[in-house]
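Observations on the model geometry
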Amino acid sequence: MPFHLDQLSVPIVQAPMAGGASTPELVAAVNSTGALGFLAAGYRTADGMRQQVARTRELTSRPFGVNVFVPGAVDPAAAAAVGAYRDELRAEAERFGITLPVPPAEDDDAWEAKIEALLHDPVPVVSFAFGLPSAAEAEALHRAGSLLVATVTTVAEAEAAQATGVDALCVQGPEAGGHRSTHDITAEPGTVPLPELLAAVRERVRLPLVAAGGLGSGEDVAAVLRGGACAAQLGTLYLRAHESGASQTHKDALADARFTTTAVTRAFSGRPARGLRNRFIDAHDSTAPSAYPHVHHLTRGLRSAAAEAGDAERLHLWAGARYRLARCAPAAEITRTLWEETRAALSVITA
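Description of the structure in this document. Computed from a predicted structure; not experimentally measured.

What counts as what
Residues numbered from 1 in each chain as written. Predicted model: local features only at pLDDT ≥ 70, side-chain atom pairs only at ≥ 80, totals over all residues. Heavy atoms only, no water. Pairing = 2+ DSSP bridges. Helix = DSSP H or I, 4+ residues; strand = E, 2+ residues; numbered from the N terminus. Axes fitted to C-alpha atoms, helices over the stretch in contact; angles between N-to-C directions. Phe/Tyr/Trp six-rings, centres within 6.5 Å; stacked < 30°, edge-to-face > 60°. Buried < 20%, exposed > 50% of the residue type's maximum accessible area, 1.4 Å probe, protein only. Lys NZ or Arg CZ within 6 Å of the ring centre and 35° of its normal. Parallel < 35°, antiparallel > 145°, perpendicular 65-115°, else oblique. Contact = heavy atoms within 4.5 Å.

All right, on to the sheet that holds strand β4 (residues 125–129) then. Within a beta sheet, neighbouring strands are joined by backbone hydrogen bonds and run either parallel or antiparallel to one another. An order of β1-β9-β8-β6-β5-β4-β3-β2 is seen for the eight strands of this open sheet, with the pairing classed as parallel. Single-partner strands in this sheet number two, and they are β1 (12–14) and β2 (38–40). This sheet shows a mean twist of 25° between the axes of neighbouring strands, independent of strand direction. The pairing of β4 with strand β5 (residues 147–152) spans four bridges and is parallel. In the sheet register, phenylalanine 128 faces β5, and the bridge partner there is alanine 150.

What follows is the structure in structure tokens.
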């Protein structure tokens with residue numbers, strides 16, 4: 001039987017967090033509560049994705065999801081500016097004794113290979129970031145038995161997703177941590193608050209909606225459920241979980257008093273993404289080109305070196321606006337506590 005979101009006994013989704021934070025252990029722990037865990041295929045090879053799927057199946061028999069990045073067109077002018085940005089970052093790399101690479105001219109994040117792998121060995125849920133599959137790809141994944149979820153940030157993206165034939169939408173608001181899933185890489189991400197965006201999408205689209213972006217408490221989750229979402233998706237809340245694969249430098253920064261705010265920047269990847277504001281963002285945000293994944297490849301080694309050295313000022317500290325609510329605890333405990341708080345908030349409203 002194909003999986004449906006209304007089968008969740010706990011309407012909470014652990015967001016797919018590319019770069020290592022989403023692990024099979026995290027997915028299994030979240031799933032054990034009746035919620036839905038997600039693997040992140042972004043930045044992995046198709047083989048790496050298959051290995052994580054296999055490991056997740058060893059740890060949980062419950063439905064889980066896999067998120068894939070949709071490749072998009074790159075603005076030639078932005079790509080041409082990557083060389084100058086590489087020169088700008090040379091001093092940052094020298095600090096760690098590394099040489100910045102020349103990014104590949106093209107990289108589709110192994111899109112076709114990952115789709116083929118998901119057709120050959122289907123998972124219950126497949127979600128998409130940064131764009132949409134083709135109608136033919138969506139139909140093929142449906143035939144394989146997967147529920148399809150498109151991440152959208154505007155009403156226009158939601159309407160396009162519905163036309164493609166996906167089964168549900170993840171509506172991502174402006175306070176989300178990490179990358180905004182804008183379908184146009186050159187577009188500045190919208191600032192419409194999540195409750196308003198959710199309502200606007202509900203007016204134009206007749207699909208189940210998962211609300212995401214800046215959620216961290218039971219009251220937050222209750223609010224989006226009352227606003228018509230069938231589930232709430234949270235990522236930042238799980239970054240410090242015991243099962244999270246985020247670097248210790250990243251985990252520690254989320255609780256570090258010196259980081260007092262977040263900012264949306266293209267400095268680390270070329271795509272707009274929200275993280276703790278640090279020296280790297282202050283120094284390079286204004287000059288970073290909107291060239292993804294070129295900038296991602298350019299800074300990848302630098303970010304790895306910063307994480308290893310414990311240098312939080314030069315690391316991509318992805319975090320949503322409610323990052324102070326992230327705590328160091330088992331993911332199952334985090335999920336159960338969140339759901340208890342949500343139920344309490346819902347009962348107060350309905351009493």
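Past the structure itself, the notes keep going.
A separate point is the packing of aromatic side chains. Two aromatic rings, taken as a pair, are described by how far apart their centres are and by the angle between their planes. Counted under the stated rule, the structure contains six aromatic pairs. Here phenylalanine 268 and phenylalanine 280 contribute two aromatic rings whose centre-to-centre distance is 4.6 Å and whose plane-to-plane angle is 20°, an arrangement assigned as stacked. You can see phenylalanine 268 sitting in the loop between β10 (262–265) and β11 (273–276) and its partner phenylalanine 280 sitting in helix α11 (residues 279–284), a full 12 residues away along the chain. Their ring planes at 90° and their centres at 5.7 Å tell us that phenylalanine 268 and tryptophan 318 sit as a pair that is edge-to-face. With phenylalanine 268 in the loop between β10 and β11 and tryptophan 318 in the loop between α12 (294–309) and α13 (331–350), this residue pair connects regions lying 50 residues apart in the sequence. The class of tryptophan 318 is buried, set by a relative accessible area of 15%. In this structure an aromatic cluster arises from ring pairing among Tyr43, Phe69, Phe130 and Tyr292. Sitting over the face of the ring of phenylalanine 130, arginine 271 holds its NZ or CZ atom 4.0 Å from the ring centroid. The ring of tyrosine 292 carries the charged tip of arginine 271 above its face, separated from the ring centre by 5.5 Å.

At a closest axis distance of 9 Å, the pairing of helix α5 (residues 111–120) and helix α6 (residues 135–144) adopts a crossing angle of 25°. As far as their axial angle goes, α6 and α5 are roughly parallel. Facing α5, whose interface residues are Trp111, Ile115, Leu118 and Leu119, α6 presents Glu137, Ala140, Leu141 and Ala144.

Time to look at the pairing of β4. Burial analysis of β4 places five of its five residues in the buried class, which makes it a mostly covered element. Of the two faces of β4, the one lined by Val125, Ser127 and Ala129 and the one lined by Val126 and Phe128 are each fully buried. Direction of pairing for strand β3 (residues 65–69) relative to β4: parallel, over a ladder of five bridges. In the sheet register, valine 68 faces β4, and the bridge partner there is phenylalanine 128.

By themselves, these are just geometric observations and shouldn't be taken as functional.
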